[in-house]
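# Descriptive structure summary
The lines below spell out each chain.
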Amino acid sequence: MKSEPVEESLDPEDWPQLRALAHRAVDDALDYLQQVRDRKVWQPTPPEVLARFHAPLPHGPQGAAAAYQDFRDWVMPWQMGNTHPRFWGWYMGNGTAFGALGDFLAATVNPNMGGGNHVANEVETQVVDWCRQIVGMPPETGGLLVSGASMANFVALAVARNQASTTDVRACGVASLAKPLVFYASTEAHSCLQKALELLGHGSRSFRKVAVDDSYRIDTEVLSRAIAADRDAGAQPCAVIGNAGTINTGAVDDLAKLAAICRREKLWFHVDGAIGAVVALAPNHRQLVQGIEKADSVALDLHKWLHIPFEAGCALVRDRQAHRATFSLTPDYLKHAQRGLASGADWFSDYGLQLTRGFRALKVWLSFKEHGLDKYGRLIDQNISQARRLAELVREEPELELMAPVCLNIVCFRFRGTGGTQAQLNTLNEELLIRLHESGVAVPSYTTLSGNYCLRAALANHRTRAADLSVLIEAVLRGGRELARQA
Ligand SMILES: *Cc1c(COP(=O)(O)O)cnc(C)c1O
């Protein structure tokens, strides 16, 4: 007798068992977030745990319960710490409990957001339009969700480049351009912009890094002169990139003025709003980013100050046609139909680099509905007030020194004790930061301003409370004094 071949699937063999495990995972996850304050912000991963990640390829099954236990033991406890109330490193968000459920639900229905006629695309269209409304761009503006602002900046600069090209740059490449294109931003612009221009084929030399004033805002006089000089030299100015919140100090360029310069010079106006685009939601500070609504394109991050779980960013482009013309390429196997699943006029894959795309829109849609945007606006105001409070605490301590004006929510400072040379203070503060991290008490990060190594606290944290700022100040004073004694 011939036996039937055994057909397998990846579904659980025992649904009730997996259901029980799933309930446990949700309980553990919520405990993890509810108790985040009780843990150290960060701690190093122990060597015996690190050793677990050099195992051979698992050919046989371990089972969901055992795999989950490995996650509990080896992964969950040794995290970056950015969910913690005293994490202020680099520039991140904390995530939220409901946002995490959003990621789970998105993975459950698991659509491919490259295109097609299904409702998940409506969710993303809706979310993109909400982002447009946040920054106040006109209704014709389109866009798409991307991994983060790096990719959003890349998308926007690709469109800016293509629309400025005098040749068919998609067919003939940048070598066909009669004049080299030039892009402008301040010296404080984020490194991802340079990377984008390098990858778009213009080279980092196409990127003019314009001087800033004492508040780290772009000097618009220097910018205007640079544009004129490039024209005189036979180059073609293409785009000006405004910073809505620089990564070093949170400086916001004069966006309205940059918009006016771009109009006068007929240049594309792009805003890197990774940090600050969402300040447009904050009732007490939205005037800081006034002018952003005039941009031709904006990159914004939803996983930073809006705390959507990583990854979530948005590229907004005012000229939908130019956007589509940059990325749309429709081979036979992706032709859009009139009816059925393959219909739908706009496929997101026509507006970006990715074909297969995840349903990141769902966690955004759910989170916006959960809290309402007014609350996000209040939280942004709260963080800005906390940053100003922290700057005050620094100013009140003669052993500390504020290193840059606080425009938004980033505070750069250092321990100076009774003084020292630049080299001495740099060495001291570098070691001080490492010790802070190792103590697990607080995680600021660092930057260097005019050769001075600074501690840098980016207050984009919905869990931070006023008392946490005092904890930081005390830890810095304690650590700094100890290092000064040893020196
Ligand atoms: C974080 C950041 C970026 C890059 O965004 P990602 O989300 O990390 O890709 C770009 N510009 C600024 C100002 C940023 O703060």
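My aim in this report is to walk through the structure given alongside it, one point at a time. Keep in mind it's a predicted model, so treat the numbers as computed, not measured. (Residues numbered from 1 in each chain as written. Predicted model: local features only at pLDDT ≥ 70, side-chain atom pairs only at ≥ 80, totals over all residues. Heavy atoms only, no water.)

### What to know about the packing of aromatic side chains
Scanning the entire structure with this criterion turns up six aromatic pairs. Aromatic pair Tyr 91 and Trp 305: ring centres 6.3 Å apart, planes at 85°, arrangement edge-to-face. Highlighted residues: Tyr 91 in the loop between β1 (87-88) and α4 (97-109) and Trp 305 in the loop between β7 (297-301) and β8 (313-317), separated in sequence by 214 residues. By relative accessible area, which is 5% here, Tyr 91 ends up buried. Overall, Trp 305 belongs to the buried group, its relative accessible area being 2%. Ring geometry for Tyr 446 and Tyr 453: centres 6.3 Å apart, planes at 10°, overall stacked. Residue class for Tyr 446 comes out partly exposed when judged on its relative accessible area of 38%. Judged by its relative accessible area of 10%, Tyr 453 is buried. (Phe/Tyr/Trp six-rings, centres within 6.5 Å; stacked < 30°, edge-to-face > 60°. Helix = DSSP H or I, 4+ residues; strand = E, 2+ residues; numbered from the N terminus. Buried < 20%, exposed > 50% of the residue type's maximum accessible area, 1.4 Å probe, protein only.)

### With respect to the nonpolar core
Leu 300, Leu 302 and Trp 305 are the most contacted members of the largest nonpolar core, which totals 71 residues. When residues of this core are assigned to domains, at least three map to each of domain 2 (103-371) and domain 3 (374-486). Contacts of Leu 300, omitting those with residues within four sequence positions, involve Cys 131, Val 135, Gly 273, Ala 274, Ala 277, Val 278, Gly 313, Cys 314 and Leu 316. In terms of nonpolar packing, the next biggest core, distinct from the first, is built from 33 residues, Leu 144, Leu 181, Ala 196 and Phe 348 among them. (Core = buried A, V, L, I, M, F, W, Y, C linked by side-chain atoms within 4.5 Å. Domains from an automatic or database assignment. Contact = heavy atoms within 4.5 Å.)

### Let's talk about the sheet that holds strand β12 (residues 452-458)
The strand order across the open sheet built from five strands is β1-β11-β12-β10-β9, with neighbouring strands paired in mixed fashion. In this open sheet, the two strands that pair with only one neighbour each are β1 and β9 (400-402). In this sheet, β12 lies alongside strand β10 (residues 410-415) in antiparallel orientation, the contact comprising four bridges. From the neighbouring strand, Cys 412 faces β12, where its bridge partner is Arg 456. Here helix α14 (residues 422-439) sits on the sheet in contact with β10, β11 (443-449) and β12, set at roughly 35° to β12. Sheet contacts for helix α15 (residues 466-486): β1, β9, β10, β11 and β12; angle to β10, the most-contacted strand, approximately 25°. (Pairing = 2+ DSSP bridges. Axes fitted to C-alpha atoms, helices over the stretch in contact; angles between N-to-C directions.)

### Some words on the site of the ligand
By nearness alone, 13 residues border the ligand, and Ser 150, Asp 272, Asp 301, His 303 and Lys 304 come closest of all. The separation between an oxygen atom of the ligand and a polar side-chain atom of Asp 301 is 2.7 Å. Considering the ligand on its own, with 380 Å² of exposed area, one finds that the protein chains cover 86% of that surface. In the shell around the ligand, the residues fall into five nonpolar, five polar and three charged. (Near = heavy atom within 4 Å. Polar contact = N/O pair within 3.5 Å; in protein donor to acceptor, adjacent residues only side chain to side chain. Areas by Shrake-Rupley, 256 points an atom, 1.4 Å probe, with all protein chains shown as cover. Nonpolar A, V, L, I, M, F, W, Y, C, P; charged D, E, K, R; others polar.)

### Some words on the packing of helix α6 (residues 149-164) against helix α8 (residues 191-199)
Relative orientation of the contacting elements α6 and α8 amounts to 45°, with a least axis distance of 9 Å. When the axes of α6 and α8 are compared, the pair comes out oblique. Crossing angle aside, the handedness with which α6 passes α8 is right-handed. Counting all contacts with α6, which are made through Ser 150, Asn 153, Phe 154 and Leu 157, the residues of α8 involved are Cys 192, Leu 193, Ala 196, Leu 197 and Leu 199. Tallied by class, residues from the contact of α6 with α8 come to seven nonpolar, two polar and no charged. (Parallel < 35°, antiparallel > 145°, perpendicular 65-115°, else oblique. Left-handed = near helix turned anticlockwise from the far one by under 90°.)

### Overview of the pattern of salt bridges
The full count for this structure, using the stated rule, is 23 salt bridges. With a shortest N-O distance of 3.8 Å, Asp 28 and Arg 24 are connected by a salt bridge. On the criterion of helical spacing, the pair formed by Asp 28 and Arg 24 is a turn pair, its members being four residues apart in helix α1 (residues 15-34). On the basis of relative accessible area, Asp 28 is assigned to the buried category, the value being 13%. Between Asp 346 and Arg 324 there is a salt bridge; the shortest N-O distance is 3.0 Å. Highlighted residues: Asp 346 in the loop between α11 (320-327) and α12 (361-371) and Arg 324 in helix α11, separated in sequence by 22 residues. On the basis of relative accessibility, which here comes to 38%, the residue Asp 346 falls in the partly exposed class. For Arg 324, a relative accessible area of 21% gives the class partly exposed. (Salt bridge = Lys/Arg side-chain N within 4 Å of Asp/Glu carboxyl O.)

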